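Results of the structural survey
Residues per chain are reported as follows:
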Amino acid sequence: MKKIIGMSLAATMAVSSLNAMSNAQLASKLSDLENELATVKKQLKKQNKKINKVKAHDATDNIKWGVDFRTSLDSISYDMSDGSSKDNSGLMSLRLYLNMAFNPDTHNIFKGQLAMNKAFGADMSLSRASSLGSMFDWTSNEALSDNTLKVKEAYWLYLGDSLFGTDLPWTFSIGRRPSVGGFLVNFREDDSAKSPLGHNINVEFDGLSTMVKLGNLTGIDGMSFKVCVGRGATDAVPMFDNSGEPAYAADQGQNLDNIDLAGVIFVPYDDGQIKVMTNWFKAFNLPDMSFDSDGNPTGFKEYGDMQGAAISVLVDGITEDGYFADVKAFGSFAWSQTQPDAGKTMLGSTEDKSGTSYWFGTLLPITDDGVLGLEYNHGSKYWRSFTYGEDTMIGSKLAARGDAYEAYFTYKINKALSAQIRYTYIDYDYTGSNGFFSATGAPVKISDTNSDKVVESARDFRFYIRYRF
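Here is a short report on the structure shown in this document.

The grouping of Ile-421, Tyr-423, Phe-461, Phe-463 and Ile-465 at the surface amounts to a nonpolar patch, some 430 Å² of accessible area in total. Looking at the nonpolar patch, the elements with two or more residues in it are strand S15 (417-428) and strand S16 (455-468). Among the elements that make up the nonpolar patch, the one with the highest residue count is S16 (three residues).

Right, let's talk about unusual backbone geometry for a bit. Within the chain, Asp-190 stands out as a residue other than glycine whose phi angle is a positive 55°. Checked against the element boundaries, Asp-190 lands in the loop between helix H3 (186-189) and strand S6 (206-213). Not every positive phi belongs to a glycine, and Asn-285 is a case in point at roughly 60°. What makes Asn-285 buried here is its relative accessible area of 18%.

A word on the pattern of salt bridges. A full pass over the atoms with the stated rule returns 25 salt bridges. Of the charged contacts in the structure, one is a salt bridge between Arg-188 and Glu-189, with a shortest N-O distance of 2.8 Å. The same class applies to Arg-188 as to Glu-189, namely buried. As a salt-bridge pair, Arg-188 and Glu-406 come within 2.6 Å of each other at their nearest N and O atoms. Taken together, the positions of Arg-188 in helix H3 and Glu-406 in strand S14 (residues 402-412) put the pair 218 residues apart, joining distant regions of the chain. Accessibility classification places Arg-188 together with Glu-406 in one group, the buried group. Via salt bridges that share partners, Asp-68, Arg-70, Asp-74, Arg-95, Asp-190, Asp-191, Asp-391, Arg-462, Arg-466 and Arg-468 belong to a single interconnected network.

Together, Lys-42, Lys-45, Lys-46, Lys-49 and Lys-50 give the surface a local cluster of positive charge. Examined against the element boundaries, Lys-49 turns out to sit in helix H1 (residues 2-60).

Pairing of strand S1 (residues 64-80) with strand S2 (residues 85-102), which is carried by 15 bridges, proceeds in the antiparallel orientation. Bridged to Tyr-78 within S2 is Lys-86. The loop that links S1 with its antiparallel partner S2 comprises four residues; one of these, Gly-83, has a positive phi angle of about 95°. When S1 meets S16, the two strands line up antiparallel, connected through 13 bridges. Note on S16: the bridge partner recorded for Asp-79 is Ser-457.

Here we take up the nonpolar core. Soluble, globular proteins show a tendency: their nonpolar side chains are buried together. Counting 21 residues, the largest nonpolar core has Phe-136, Trp-138, Leu-286, Phe-386, Tyr-388 and Phe-437 as the members making the most contacts within it. Broken down by secondary-structure element, the contributors of at least two residues to this core are strand S8 (259-270), strand S9 (274-291) and strand S10 (297-316). Among the elements that take part in this core, S9 stands out by supplying four residues, more than any other. Those residues in contact with Tyr-388 that sit more than four places away from it in its chain are Trp-138, Thr-139, Asn-202, Val-203, Asn-434, Gly-435, Phe-436 and Phe-437. Judged by nonpolar contacts, the second largest core, of 18 residues, contains Phe-187, Leu-197, Met-277 and Tyr-408.

All right, on to the environment of Lys-412 then. Mapped onto the fold, Lys-412 is located in strand S14. Residues Lys-412 and Gly-370, spaced 42 residues apart in sequence, show a C-alpha to C-alpha distance of 6.4 Å. Among all residues touching Lys-412, those that are not within four sequence positions of it are Asp-369, Leu-417 and Ser-418.

The next thing to look at is the side chain of Gln-339. Secondary-structure assignment places Gln-339 in strand S11 (residues 328-340). In this structure the side chain of Gln-339 is engaged in a polar contact, spanning 3.2 Å, whose partner is the side chain of Lys-282. When neighbours within four sequence positions are excluded, Gln-339 is seen to be in contact with Lys-282, Gly-304, Asp-305, Gln-307, Met-346 and Asp-352.

A few words now on the side chain of Arg-95. Inspection of the secondary structure puts Arg-95 in strand S2. Setting aside anything within four residues of it in sequence, one finds Arg-95 in contact with Asp-68, Phe-69, Arg-70, Met-116, Asn-117, Asp-391 and Arg-466.

Turning to the environment of Met-100, a few remarks are in order. By secondary structure assignment, the location of Met-100 is in strand S2. In this structure the C-alpha to C-alpha distance between Met-100 and Asn-62, which are 38 residues apart in sequence, comes to 9.9 Å. With sequence-adjacent residues up to four places away left out, Met-100 is seen in contact with Ile-63, Lys-64, Trp-65, Phe-110, Lys-111, Gly-112, Gln-113 and Leu-114.

Turning our attention to the packing of aromatic side chains. One pass over the structure, following the stated rule, counts 20 aromatic pairs. An angle of 45° between the planes, with centres 5.4 Å apart, marks the rings of Tyr-158 and Trp-170 as tilted. You can see Tyr-158 sitting in strand S4 (residues 150-160) and its partner Trp-170 sitting in strand S5 (residues 170-176), a full twelve residues away along the chain. Given the relative accessible area of 25%, Tyr-158 is considered partly exposed. Exposure remark for Trp-170: the relative accessible area of 24% places this residue in the partly exposed category. For Arg-177, the ring lying beneath its charged end belongs to Tyr-155, and the centroid distance is 5.4 Å. The ring of Phe-183 carries the charged tip of Lys-275 above its face, separated from the ring centre by 5.1 Å.

So, how was this worked out
Residues numbered from 1 in each chain as written. Predicted model: local features only at pLDDT ≥ 70, side-chain atom pairs only at ≥ 80, totals over all residues. Heavy atoms only, no water. Patch = residues over 30% accessible without salt bridge, like charges linked within 9 Å, V, L, I, M, F, W, Y side chains within 5 Å. Areas by Shrake-Rupley, 256 points an atom, 1.4 Å probe, with all protein chains shown as cover. Salt bridge = Lys/Arg side-chain N within 4 Å of Asp/Glu carboxyl O. Helix = DSSP H or I, 4+ residues; strand = E, 2+ residues; numbered from the N terminus. Buried < 20%, exposed > 50% of the residue type's maximum accessible area, 1.4 Å probe, protein only. Lys, Arg positive; Asp, Glu negative; His and termini not counted. Charge placed at Lys NZ, Arg CZ, Asp CG, Glu CD. Pairing = 2+ DSSP bridges. Core = buried A, V, L, I, M, F, W, Y, C linked by side-chain atoms within 4.5 Å. Contact = heavy atoms within 4.5 Å. Polar contact = N/O pair within 3.5 Å; in protein donor to acceptor, adjacent residues only side chain to side chain. Phe/Tyr/Trp six-rings, centres within 6.5 Å; stacked < 30°, edge-to-face > 60°. Lys NZ or Arg CZ within 6 Å of the ring centre and 35° of its normal.

These figures capture arrangement, not role.
Here it is, written out as structure tokens:
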């Protein structure tokens with residue numbers, strides 16, 4: 001009996017010892033696993049830091065691309081002053097924008113835009129080479145051309161936090177400017193507004209600008225002042241032009257100097273609902289085609305300078321709430337004045353001639369995704385604008401010396417697709433609305449003409465589908 005009891009006690013002690021050893025081993029194993037897990041977590045943390053660095057690097061180390069592709073059908077018609085008419089009821093075109101953006105840091109930004117604009121199955125670049133606009137690239141990407149990509153915009157923008165140590169943010173930019181589709185004209189194009197006032201400046205342009213925001217100094221919402229300078233054409237002999245003149249030397253034998261422009265844009269107020277923009281500019285050495293006594297063209301010559309100014313007002317929301325809170329309304333007034341060189345004529349006169357234009361419009365929400373736009377503008381006898389880049393097949397409506405009426409409905413189909421129906425009607429009082437600055441821009445009363453070359457009125461009905469992403 002004692003032997004049995006002793007064996008039982010020994011067995012119990014052995015089991016207890018075995019259990020103790022297992023617990024110790026388990027604790028050891030758990031400790032080892034915890035250490036390994038901590039090591040893995042540290043390694044994962046290091047890898048995540050590396051991945052975040054790579055992502056941050058990649059986010060600012062490559063150009064971001066966007067696509068804007070539009071297919072349009074225009075039906076255009078012209079009533080001529082002799083009673084005849086001309087039309088094209090099936091003008092189909094393709095417009096492609098490849099948008100670029102790159103910002104390596106919070107102060108430096110590059111933006112660019114490559115463009116193609118062509119009619120279906122057509123290459124109009126050869127006909128443009130002999131046109132009045134061949135010397136200038138003001139409308140290189142607005143007029144129908146060919147299937148090549150051209151640079152529409154390419155500029156560097158610096159964003160400064162304080163001007164000379166003051167609490168005034170400022171910017172500086174240089175390159176091929178975002179000067180087409182400016183303030184107010186952007187609504188019909190269903191785009192964000194670019195830099196200038198669209199009433200009197202709407203052309204492609206190479207130059208620089210600098211702006212200072214004055215709100216912190218004046219306490220007035222959105223106040224800013226911008227200076228813009230640039231060159232609209234360069235007087236230089238092209239390389240290999242077979243003229244015998246040295247490459248890029250000035251004076252092409254056509255009495256042309258560089259076409260330069262300088263101006264300012266002043267925003268006196270902008271609180272997000274009401275925005276007021278003003279501008280003033282002066283353009284130097286403006287050209288036109290010259291003609292001999294038989295009316296044959298003899299090349300371009302410069303005729304003088306011109307200055308202009310505009311004030312444009314936008315009310316984005318007529319009321320604080322309700323339907324009219326989403327209604328936009330705008331008005332704009334612009335002025336131009338020619339300054340011909342001694343012994344030369346501008347717009348048919350040797351004297352300074354002033355012209356004016358006024359423009360009104362509204363945007364009315366019709367559905368959650370559809371907006372109706374209505375616009376009207378009128379220009380006087382000697383009104384002259386730089387709106388050659390306006391996206392209208394029958395010529396710039398804002399350049400009209402007469403009355404222009406427009407209605408458009410823009411509908412957002414989905415996130416990437418939109419469509420628009422637009423009708424533009426222009427009733428001219430005087431000739432030369434889309435001419436240049438001397439003979440081709442000279443105003444003659446339409447009722448005093450009788451020609452199949454003089455447009456009395458013009459219509460453009462457009463439908464497009466547009467992809468943007």
